[in-house]
Amino acid sequence: MIIEAVLTNLINNLFHLIWLYALTVNPRYDKKRTLGICIGTMVSIEIMSLAIFYLDILKEVFVLGYLSTAIIIALVYILILQKGSHGVSLFIILCYFSVWVIIFETISVTTGTFIGAGNTRIWIERIVLNVIFLSLFSKFFRQRLTDVFPSLTFASKFLSALGLMIFATYSLMLFISQIQEDIQPSTVAVFLMVSLLSLLMAIVALKYLDEVRSLNESNLIKIQNEHLSDLIDSYTDAERQMARIRHDFHHHMQAIAQMAKEGDDDGILEYLEDYASK
């Protein structure tokens, strides 16, 4: 039992590492250092997990292990890996934790096991589900998050609250289902309902992110156009001023040339003194 649980946890932490690296959409460091931090974090979590397994009371300390892992990953992601808004980073990592719980709960429902630890079928399900969610994230979400992350600071409180609500709901479902001796039909029904609701919220959030990005792009284009218009107006005014100066200069040269032809040196001096006084 312990060996199977350790192997399951190793697979789980491997995907934590991949997810943590993929979720770093606004990195503080270069790719090599970011990957190194992710690896170090997962090694630390694996050591902590082995210590918990060594106690041979897995079910009793499941909540402790679950929360400890979540806290460590969240702190590393928000405070070390990501730069920019902590609130937006919190939203992203909490959404990932919700996916994590969905995978846990799905395996528990389909296999009737406690936290999905035990055999080849469970390991395959864990790998397949993670690959599916990673593929969906890479195809539909990662680039969107990268594009809009800097502009979401204004909504960080809202996003944090939304992420906390989703994560808390899934975590509560997970704890309730693991307390039960058998997987109850009511648990499956609630799980499916919450999954559909979360999917709807994800679609709404995606639409919201698209609208924010479109709005930011429109505002940027508007600002650029206004700036360009100001530059054109300034250039036009400068061109008019230069034309006026050329015209006046040409007029003065003609007057001075005429007086020079007439040998009126005093007139030239008087003209220049009068021009200088103006």
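Computed from a predicted structure; not experimentally measured. Every chain begins its residue count from 1, and numbering advances along the sequence as written. In view of the model being predicted, local features appear only for residues whose pLDDT reaches at least 70, and side-chain atom pairs are presented and counted only at 80 or more, with totals across whole chains, interfaces and linings using the full set of residues. No hydrogens and no water enter the side-chain calculation; it runs on all heavy atoms of the structure.

Enquirer: Honestly, the nonpolar core in this entry has me stumped. Any pointers?
Expert: Nonpolar side chains in soluble globular proteins tend to end up buried together. Core analysis: the largest hydrophobic core is formed by 48 residues, its most contacted members being Trp-19, Leu-20, Leu-23, Tyr-77, Ile-92, Ile-93 and Phe-97. Each helix is a run of H or I in the DSSP string that is no shorter than four residues. Each strand is a run of E no shorter than two, and both are numbered from the N terminus. Elements with a contribution of two residues or more to this core: α1 (2-23), α2 (31-54), α3 (62-81), α4 (86-111), α5 (120-148), α6 (156-179) and α7 (185-261). The greatest single-element share of this core, amounting to 13 residues, is contributed by α4. When near neighbours in sequence (up to four residues on either side) are disregarded, Phe-97 contacts Ala-70, Ile-73, Ala-74 and Phe-167. Note on terminology: a nonpolar core comprises buried Ala, Val, Leu, Ile, Met, Phe, Trp, Tyr and Cys residues joined through side-chain atoms within 4.5 Å. Accessibility here uses a 1.4 Å probe with only protein chains present; expressed as a share of the type maximum, an area under 20% marks a residue as buried, one over 50% as exposed, and anything in between as partly exposed. Any two residues having at least one pair of non-hydrogen atoms within 4.5 Å are treated as being in contact.

Enquirer: Mind showing me how you'd approach the packing of α4 against α5 here?
Expert: The description of two helices packed together rests on the angle between their axes and the distance between the axes. For the pair α4 and α5, the least separation of the axes is 10 Å and the interaxial angle reads 150 degrees. In this view, α4 runs roughly antiparallel relative to α5, as classed from their interaxial angle. The crossing of α4 and α5 is right-handed. Each of Ile-92, Val-99, Ile-102, Ile-103, Phe-104, Thr-106, Ile-107, Thr-110 and Thr-111 in α4 lies in contact with α5, whose residues at this interface are Arg-121, Ile-122, Glu-125, Arg-126, Leu-129, Asn-130, Phe-133 and Leu-145. Throughout this entry, Asp, Glu, Lys and Arg are counted as charged residues, while Ala, Val, Leu, Ile, Met, Phe, Trp, Tyr, Cys and Pro are counted as nonpolar. The remaining residues, Gly among them, count as polar. When its residues are assigned to classes, the contact of α4 with α5 shows 10 nonpolar, 4 polar and 3 charged. Lines fitted to C-alpha atoms define the axes here, with helix axes fitted over just the stretch in contact, and angles between the N-to-C directions of these axes take values from 0 to 180 degrees. Here the word oblique covers every angle except those under 35 degrees (roughly parallel), over 145 (roughly antiparallel) and from 65 to 115 (roughly perpendicular). The sense of a crossing depends on the near helix, which, turned anticlockwise from the far helix by less than a right angle, makes the crossing left-handed and, turned clockwise, makes it right-handed.

Enquirer: Is there a simple way to think about a nonpolar patch on the surface in this case?
Expert: A surface patch of nonpolar side chains, amounting to about 430 Å² of accessible area, comprises Leu-67, Ile-71, Leu-75, Leu-79 and Ile-80. Relative to the helices and strands, Leu-79 resides in helix α3. A relative accessible area of 48% means that Leu-79 is categorised as partly exposed. Nonpolar side chains (Val, Leu, Ile, Met, Phe, Trp, Tyr) within 5 Å and like charges within 9 Å form the patches, drawn only from residues with over 30% relative accessible area and no salt bridge. In short, Shrake-Rupley with a 1.4 Å probe defines the accessible areas, and a residue's cover is counted only from the protein chains shown. Basic side-chain nitrogens of Lys or Arg form a salt bridge, by our definition, when they fall within 4 Å of a carboxyl oxygen of Asp or Glu.

Enquirer: Hey, could you run me through the pattern of salt bridges in this one?
Expert: Side chains that differ in charge, positive against negative, can pair when their charged atoms come close. Tallied over the entire structure, the rule returns 2 salt bridges. Linking Arg-121 and Glu-125 is a salt bridge whose minimum nitrogen-to-oxygen distance equals 3.1 Å. Here Arg-121 pairs with Glu-125, and both are found in helix α5, just 4 residues apart, close to one helical turn. The exposure class of Arg-121 is partly exposed, given its relative accessible area of 47%.

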